[in-house]
Amino acid sequence: MIIWNAEQQTFHLCNQHISYVLGIEHQRYLVHCYWGKRVATFNQYHDYPKLDRSSFSPTPATWPDRTFSLDTVLQEFPGHGAGDYREPAFEVRYADGTQVSNLHYLSHRIEQGKPRLEGLPNTWVETSDEAQTLTITLADPITHLQVELSYTVFRDHPVIARSTRFINQGEQPLRLLRALSCAVDFPDSNYQQIQFPGAWARERQLHRQPLNPGITVLDSKRGASSTHQQPFIGLVRPETTEMHGEAWALHLVYSGNFTARTEVDAYQQTRLLLGINPHGFGWQLQPNESFQTPEAVMAWSENGLNGLSQALHRLYRDNLVRGQHRHQPRPILANNWESTYFDFNEEKLLTFARNAKQLGVELLMLDDGWFGERNDDTSSLGDWFVNQKKFPQGLRPLIDKVHQQEMKFGLWFEPEMISRRSDLFAQHPDWVIRAGEQLLSEGRNQYILDLGHAEVRDNILSQMSIFLEKHPIDYIKWDMNRNMTEVGSSAMPPEQQQETAHRYMLGLYALLDALTTRFPHILFECCAGGGGRFDPGMLYYMPQAWVSDNTDAASRVYIQHATSLLYPPIMQCAHVSEVPNHQMGRSTSIGMRGAVAMSGNYGLMLNLMHQDAERDRAVTEQIAFYKQHRQLLQFGTFWRLASPWQHPDFAAWMFVSPDQHEALVMAFSLVSSASAPLRQLKLAGLDIQARYLIDESPTEIGGDELMYRGIYIDPPLNRDYVSRIWHLRCRQ
Ligand code: DGJ
């Protein structure tokens, strides 16, 4: 998978899908040659046109050839201060105050498999023949900075995983000002960029725009990957569609501050950069110390956005998520949040559980408010013991009674936070993230624990471990409801204050690692006030995430459609909720709410404190249907067919079983119109040789016909917020 050609001085990373080629120019400079569809051999090395542009694009001091400049050539890991004026992948301040780095190729090694990144989430392989890893060492002979670039090519995925390690080989400390995970230079700029801007309850809105000259920055400075952006850069050709055309993705396996930059330079070449946000970041490296960046996943497809999504879905399902739940069907849960908010006790929850059980629910999920003295959001985060007023006998009797009804039991935690009104804050007011004496900004009446500090982390680990050892909990919803302000740590000296946000992430990852290792049977759901930290970093520890606090099915069609560009349905938690919807005030049909929830991990956020014959009949049927098709919905191949971002009145998608013998197609009417044109839906992912039966119809139709000609939506979906599901199967 990795071919080193010593004569050409090129590295060719390839598998059956892709090639990624880089080379060493003038025995020193690491240059980028190609990333795209596999080529059998690569022979156009050192062919970057030799033009004299030396007036304003200087030639390097170590190779004063007027036709070569770091300012124009395509590079692999560009630095700052030695002739390249474009955006650098790294910046260092040395002990003498200078900031110029000049990296030269030093050595490389190729190994089987993929080494894990210490303390950071990363993609992984089960056996060493599934991947090969190339590590290239670059060194600055003057400053003694060393940089190790790591590239893993997977045997079975059109994906390369990259990360970078900085090592101080000098005798003086140095300071990393910018330490990105990867850079890729493309030879042209004829691309459109895909991004996912958003906000609370409006996460991941799909946006596609042409690349502009100059620098475009997408980022988070919030201390979390955030509801506002994804740690991601997507590029497509203007003609790329869902089904056809080239698409590239860079996705950061990290949950904190990030930057995702594109720069179109003076010669219309495009540089992509992804990594930890340099804003507010600094890292002190003592002699012989090193800094490891997070990993960036680089995926490519020639089969449009669906092809790109499917590559990421497979990688994340098989090579990112860990633990016993990875390939296990996920349970149908009922969450009490929108039924009771903070107002519950054992008796109420038993009514809720009984009603849920009658519908076919498999797990009762008790949300916020069961601990400390929490009756609203003003107190008790950090006090992880049972609320005695709500549960005078403790939680155990409730858990046991739920288990007796053959349902599992899930519980809400927000372990990273602390309320001002809590025992923990009274004892340790200095355990919060804070900048010296600066007053603390409020966010939902809570502050953020300084998890970079081992003592703080250990306290939370121990509180949770004691609790979980005494209570047989099957599922945890791990929430996080505010972003960082006044960033600083009382545990760190002045010169290391800018390490706080990243140390926090490392601390959080260590805490998650300890808990998931200690309690491997618990299924974790990642939540951050909805989808405020829906990123590959968190999914390494928790295999599914709450997509959004917006449970309105119409809003969810947009959000889940866009989310599916990156993440498979099995990672997306989606619940059927009441109408009018609590966030949007909108009423959608129960059928549409069900279909949208089934397009992720189906659950209920209905008010199950009371029964409603019509609703409950529909939900019972839905649950039975979901159980029957759960394997297909959770593990099938997902295809987007019609985008609500293109046609705001309509959306459609489908799920195809791995053997292509079965499929479920779903269509959603958002806003209907009178005398609307008829609609045909072309299906995807079917076997062209196979013949399918649709629902109860006796007529067999070929996979080719269903994909090339399509099916009519008949009768038309002529109401707002209704949906239809078709089941396709091959005759046995
Ligand atoms: C935000 C979550 O997204 C909600 O589902 C709920 O768990 C609340 N927090 C509880 O405070």
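Predicted model only: the values in this text are computed from it and were never measured.

In the vicinity of the ligand, 13 residues are found, and the nearest of them are Asp367, Asp368, Lys477, Asp479 and Asp549. Between the ligand and Asp368, the relevant distance is 2.6 Å, taken from an oxygen atom to a side-chain nitrogen or oxygen of the residue. Here Asp549 contributes a side-chain N or O atom positioned 2.3 Å from an oxygen atom of the ligand.

Per the domain assignment, the segments of the chain are domain 1 (2-319), domain 2 (333-631) and domain 3 (642-730). Summarising the inter-unit geometry, the C-alpha centres of domain 2 and domain 3 are found 35 Å apart. Between domain 2 and domain 3 the total buried area reaches about 1,600 Å² when both faces are included, carbon and sulfur atoms providing 77% of it. Between the two partners, domain 2 and domain 3, sit seven residue pairs in polar contact (both at pLDDT 80 or more). Where the side of domain 2 that touches domain 3 is concerned, the elements lending two or more residues are helix H9 (553-563), helix H10 (590-598) and helix H11 (613-635). Take the side of domain 2 that touches domain 3: its biggest share by element is six residues, from H9. In terms of residue class, the side of domain 2 that touches domain 3 is made up of 10 nonpolar, eight polar and one charged.

Within the closed barrel, the eight strands sit side by side as S21-S22-S23-S26-S27-S28-S29-S30. Their pairing is parallel. Here the average twist between neighbouring strands, direction ignored, is 30 degrees. Here strand S21 (residues 333-335) pairs with strand S30 (residues 601-605) via two bridges, running parallel. Bridge pairing in S30 places Leu333 opposite Gly603. The strands that helix H6 (residues 454-470) touches are strand S23 (408-413) and strand S26 (475-478); relative to S23, the one it contacts most, it runs at about 165 degrees. On the sheet, H9 packs against strand S28 (544-546) and strand S29 (572-577) and is oriented at approximately 170 degrees with respect to S29.

Here we come to the sheet that holds strand S31 (residues 637-642). Spatially, six strands are ordered S31-S32-S33-S38-S35-S36 in an open sheet, and the strand pairing comes out antiparallel. With partners counted over all chains shown, the strands left at the sheet margins are S31 and strand S36 (700-702), one partner each. The sheet shows a mean angle of 30 degrees between the axes of neighbouring strands, direction not considered. Bridge analysis of strand S32 (residues 650-656) against strand S33 (residues 662-669) gives seven bridges, and the strand direction is antiparallel. Bridge assignment links Phe655 to a residue of S33, and that residue is Leu664.

Rules used throughout
- Residues numbered from 1 in each chain as written.
- Predicted model: local features only at pLDDT ≥ 70, side-chain atom pairs only at ≥ 80, totals over all residues.
- Heavy atoms only, no water.
- Near = heavy atom within 4 Å.
- Polar contact = N/O pair within 3.5 Å; in protein donor to acceptor, adjacent residues only side chain to side chain.
- Domains from an automatic or database assignment.
- Buried area = accessible area lost by both parts, 1.4 Å probe.
- Helix = DSSP H or I, 4+ residues; strand = E, 2+ residues; numbered from the N terminus.
- Nonpolar A, V, L, I, M, F, W, Y, C, P; charged D, E, K, R; others polar.
- Pairing = 2+ DSSP bridges.
- Axes fitted to C-alpha atoms, helices over the stretch in contact; angles between N-to-C directions.
- Contact = heavy atoms within 4.5 Å.

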